[in-house]
Amino acid sequence: MIDSAEKTIKMVIDSDENDIEYKYDLVRFLIEENRFEEALEELDNIKKHK
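Note that this is a predicted model, so its numbers are computed, not measured.

## Comments concerning the environment of Glu 32
Here's step 1: Checked against the element boundaries, Glu 32 lands in helix H2 (residues 20-32).
Here's step 2: Its relative accessible area of 63% is what places Glu 32 among the exposed residues.
Here's step 3: It is 23 Å that separates the C-alpha atoms of Glu 32 and Lys 48, two residues lying 16 residues apart in sequence.

## A short note on the environment of Glu 17
Here's step 1: Relative to the elements of secondary structure, Glu 17 occurs in the loop between helix H1 (2-15) and H2.
Here's step 2: Taking the relative accessible area as the measure of exposure, Glu 17 reaches 52% and is therefore exposed.
Here's step 3: It is 21 Å that separates the C-alpha atoms of Glu 17 and Glu 37, two residues lying 20 residues apart in sequence.

## Focus on the packing of H1 against H2
Here's step 1: Across the interface, H1 lies against H2 with an axial gap of 9 Å and an inter-helix angle of 160 degrees. The pairing of H1 with H2 is recorded here as roughly antiparallel in orientation. Remark: the crossing between H1 and H2 carries left-handed chirality. Touching Ile 2, Ala 5, Glu 6, Ile 9, Lys 10, Val 12 and Ile 13 of H1 are Tyr 22, Lys 23, Asp 25, Leu 26, Phe 29 and Leu 30, all from H2.
Here's step 2: The class makeup of the residues in the contact of H1 with H2 is nine nonpolar, no polar and four charged.

Parameters at a glance
Residues numbered from 1 in each chain as written. Predicted model: local features only at pLDDT ≥ 70, side-chain atom pairs only at ≥ 80, totals over all residues. Heavy atoms only, no water. Helix = DSSP H or I, 4+ residues; strand = E, 2+ residues; numbered from the N terminus. Buried < 20%, exposed > 50% of the residue type's maximum accessible area, 1.4 Å probe, protein only. Axes fitted to C-alpha atoms, helices over the stretch in contact; angles between N-to-C directions. Parallel < 35°, antiparallel > 145°, perpendicular 65-115°, else oblique. Left-handed = near helix turned anticlockwise from the far one by under 90°. Contact = heavy atoms within 4.5 Å. Nonpolar A, V, L, I, M, F, W, Y, C, P; charged D, E, K, R; others polar.

Put into structure tokens, the structure is as follows:
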């Protein structure tokens, strides 16, 4: 079920890459899953695209 949630978030991001809230949802999801390195990478990506 966790894999499905992650895939869904990523699909939504792919469909609207300009909506930053979805990207933050992914970061929160990764943090909740203790995937801190990936969360930091996503935050760096957000920062680069501002």
